[in-house]
Amino acid sequence: MLIKRETEKTETKRTLASGADLLLEALKAQGVELVFGYPGGAVLPLYDAIYRQAFNNILVRHEQAAVHAAEGYAKATGKTGVVFVTSGPGATNTVTGIADAMLDSIPLVVFTGQVGCAAIGTDAFQEVDILSITAAITKQSYQVHDSGSLAEVVKEAFAVASSGRPGPVVVDLPKDVAAMAVDEQQRSQTAGGFTAKTPVYPQRKLAVTKMQQLRDALLRAQKPLLLVGGGVIAAGAVPDFRRFVHRYKLPVVSTLLSLGALPVSDPFSLGMGGMHGSYQANLAFSECDFLLNIGSRFDDRLATNTSQFAPKAQVAQIDIDDSEFGKMILPDFAVAADAKEALNWLLAHPAKTQVRDHQAWLQQLSAWQHEHPQHYVEEKGKIKPQAVIAEVGRLTAGDATIVTDVGQHQMWTAQYYPFTRAHQLITSGGLGTMGFGLPAAIGAKLAVPEKEVVLFVGDGGLQMTSEELDVIRDYRLNIKIILLNNQTLGMVRQWQDLFYKKRRSQTVFNGQPDFIKLAHAYGLKGLRLASQNWRETLADVFATQESVLVEARIPALEQVYPMVAPGQPNQKMLGVD
């Protein structure tokens, strides 16, 4: 009898936890401080665990916004963003954001709810095969059938998302697995039962011989050029990159996603290259005799005509992902390596001969910049978007975290904001997702609350995710929203004017909402700039510690120049005076 009582006492001490509880514990073990999510039927056990554990879930107003907010968080910090959504439409609403993260190499782990294990494959209510749907836009995906393996699945998912070339991972969680009760003894018995589907990316051994050949070719060059991509920021290699630039005295062209890796004010910075890049950057591509690309994938907005790109140069490419070699440009020197490791090798193995100062080359680049500087035409009584962006740069001393949506305002921001640091520009590069900006700004502000966060957005993109204004109100975030309103889908309209004989099909809004009243409806302050005192108004806005939506009505037909037309070589630019 005594033995029986002791046994009963022991049984009551065995603590029970659900699969959802184990998931939250696993996330805490990965250092996750918050997630972006939206509840639904298939994730009720998960959200019940969130309630019981007081776990920090940022409640967005649409599942697509959850992924973009997680992207903003990840881009601002370098950490992995986390998303919770339900099954069916909740899961499918994440697809655009997942694709966006894949193209921009952003580490995310997206947890999708799923119907119970027994119902999978029966076309149950709100059931979709999200693993098949997202197979082409994820690094890896998992469907968990045993709650005891959750800790190991989460651990591997985070490792896959952040290792090698970062990217999104989907973890599909059936409702019964999340609800399943697991006691301490069962947890210890099942924890080792998970078999990894793929190995976590191993550390590559640096190809020293290739690095030596690359370095020696660089030293022989008389007109070298360095192209920096977002991979340098992702690798945490910005300090090493800046030392390398100054030690080797190399002019630098930035991609959109690497702006801030080298301050715009740095004497070696040529600005952004490509379709809307600076004159001197694009001329540098056409005249250099050695081009070293670190962490950029040579996309078509940069190398606008691959057959005529850098025609006089030997091309070297350092990239963590060797599938990029030859995809667009076939390099003469290809090194598959982490950018930080490669830069550290170049810094640790200096040239035996003195590094050239490249004075003639640098003077030529400077002359091109003075001949055709970045500029716009002031018009009396009108507010120019370039002037607004430059003024925001002045008011924030070039140190704000800048978020953009997609379109003309995105390119003007790249051209006129004085970027100074890594993780400063949060934008959608590869996919070009309208609607990205507002939720990404929310994620960025939660990531770096001590920084001023400024969102530049157009009137088209704002209307795609404007419901997220309610999140700003709900969490009392201080985000300055600069709405550059030209009452058109500006970039598409620009292409119609240039290449479709000004047939402006469906790109001009005949009517719009009152955006100031929209801000007020969400409990936010809103105001419209007036041409006679807009600078003073902006100064007042940035003196406040609250969110403000600032509408600047800009000329409807303002163009983004310079511009390289599709298929044209980089040196053939429109809009260059």
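In spatial order, the strands read S16-S15-S17-S18-S20-S19; together these 6 strands make up an open sheet with parallel pairing. Each of the sheet's edge strands pairs with one partner strand only, and the pair in question is strand S16 (425-426) and strand S19 (525-528). As judged from the 4 bridges shared by strand S15 (residues 401-404) and strand S17 (residues 453-458), these two strands associate in the parallel manner. Directly across from Ile402, in S17, lies its bridge partner Val454. Running at roughly 165° to strand S18 (residues 479-485), helix H17 (residues 385-395) makes contact with S17 and S18 of the sheet.

For the chain, the mean per-residue pLDDT works out to 93, and 93% of the residues sit at or above 70. Taken together, the stretch residues 1-14 has pLDDT below 50 and engages in 2 contacts with residues farther than four places along the chain or on a different chain.

Within this structure, the stated rule accounts for 11 aromatic pairs. Taking 5.7 Å as the distance between ring centres and 75° as the angle between the ring planes, the aromatic pair formed by Phe298 and Phe309 counts as edge-to-face. In this pair, Phe298 sits in the loop between strand S12 (290-294) and strand S13 (314-319) while Phe309 sits in the loop between S12 and S13, placing the two residues 11 residues apart along the sequence. Exposure class is identical for Phe298 and Phe309. Each is buried. An angle of 80° between the planes, with centres 5.7 Å apart, marks the rings of Tyr376 and Tyr416 as edge-to-face. Within this pair, whereas Tyr376 is found in the loop between helix H16 (359-371) and H17, its partner Tyr416 is found in helix H18 (residues 408-416), the two being separated by 40 residues in sequence. Look at Tyr416 and you get buried, because its relative accessible area is 13%. Taken together, the ring pairs in this structure connect Tyr47, Phe84 and Phe111 into an aromatic cluster.

With parallel pairing, 6 strands are arranged side by side in an open sheet as S11-S10-S9-S12-S13-S14. Of all the strands in the sheet, the pair left with one neighbour each is strand S11 (269-272) and strand S14 (333-336). Put simply, the sheet's adjacent strands are angled 15° from each other on average, direction ignored. Here helix H11 (residues 208-220) sits on the sheet in contact with strand S9 (224-228), S12, S13 and S14, set at roughly 135° to S14. Sheet strands touched by helix H14 (residues 279-287): S9, strand S10 (252-254), S11 and S12. Its angle to S11, the strand with the most contacts, is close to 100°.

We now examine the packing of helix H4 (residues 63-77) against helix H6 (residues 95-103). Taken N-terminus to C-terminus, the directions of H4 and H6 make an angle of 25°; their axes are 7 Å apart at the nearest point. Between H4 and H6, the interaxial angle falls into the category roughly parallel. Across from Gln64, Val67, His68 and Glu71 in H4, the residues of H6 making contact are Thr96, Gly97, Ile98, Asp100 and Ala101.

The next thing to look at is the packing of helix H13 (residues 238-248) against helix H15 (residues 339-348). With their axes 9 Å apart at the nearest point, H13 and H15 run at an angle of 35° to one another. With respect to the hand of their crossing, H13 and H15 are arranged in left-handed fashion. Listed contacts from H15 to Asp240, Phe241, Arg243, Phe244, Arg247 and Tyr248 of H13 are Lys340, Leu343, Asn344, Leu346 and Leu347.

Attention shifts here to unusual backbone geometry. Across residues other than glycine, the phi torsion is negative in most instances, and most of the peptide bonds are trans. Looking along the chain, the bond that leaves Tyr561 and enters Pro562 is cis, with omega of 0°. On the secondary structure map, Pro562 appears in the segment after strand S20 (548-553). Backbone geometry places Lys501, a non-glycine residue, at a positive phi of 50°. Tracing the backbone through its elements, the reader meets Lys501 in the loop between helix H22 (490-499) and helix H23 (515-521).

A word on the pairing of S19. As paired strands, S19 and S20 are joined by 4 bridges and run parallel to one another. Looking at the pairing, Leu527 lines up with Val550 of S20. Regarding the hand of the β-α-β motif, the stretch spanning S19, helix H24 (residues 534-542) and S20 is right-handed.

What follows covers the pairing of strand S4 (residues 81-85). Buried residues dominate S4, accounting for 5 of its 5 residues. The two faces of S4 match: Gly81, Val83 and Val85 on one face and Val82 and Phe84 on the other face are all buried. Two strands pair when backbone bridges link them, and strand S2 (residues 35-37) and S4 are joined in this way by 2 bridges, in the parallel orientation. When the bridges of S4 are listed, Gly37 appears paired with Phe84. Here S4 runs beside strand S5 (residues 108-114); their pairing, made up of 5 bridges, is parallel. Bridge pairing links Val85 to Thr112 in S5.

About the thresholds
- Residues numbered from 1 in each chain as written.
- Predicted model: local features only at pLDDT ≥ 70, side-chain atom pairs only at ≥ 80, totals over all residues.
- Heavy atoms only, no water.
- Pairing = 2+ DSSP bridges.
- Helix = DSSP H or I, 4+ residues; strand = E, 2+ residues; numbered from the N terminus.
- Contact = heavy atoms within 4.5 Å.
- Axes fitted to C-alpha atoms, helices over the stretch in contact; angles between N-to-C directions.
- pLDDT = per-residue confidence, 0-100.
- Phe/Tyr/Trp six-rings, centres within 6.5 Å; stacked < 30°, edge-to-face > 60°.
- Buried < 20%, exposed > 50% of the residue type's maximum accessible area, 1.4 Å probe, protein only.
- Parallel < 35°, antiparallel > 145°, perpendicular 65-115°, else oblique.
- Left-handed = near helix turned anticlockwise from the far one by under 90°.
- Right-handed = clockwise from strand over helix to strand, strands pointing away.

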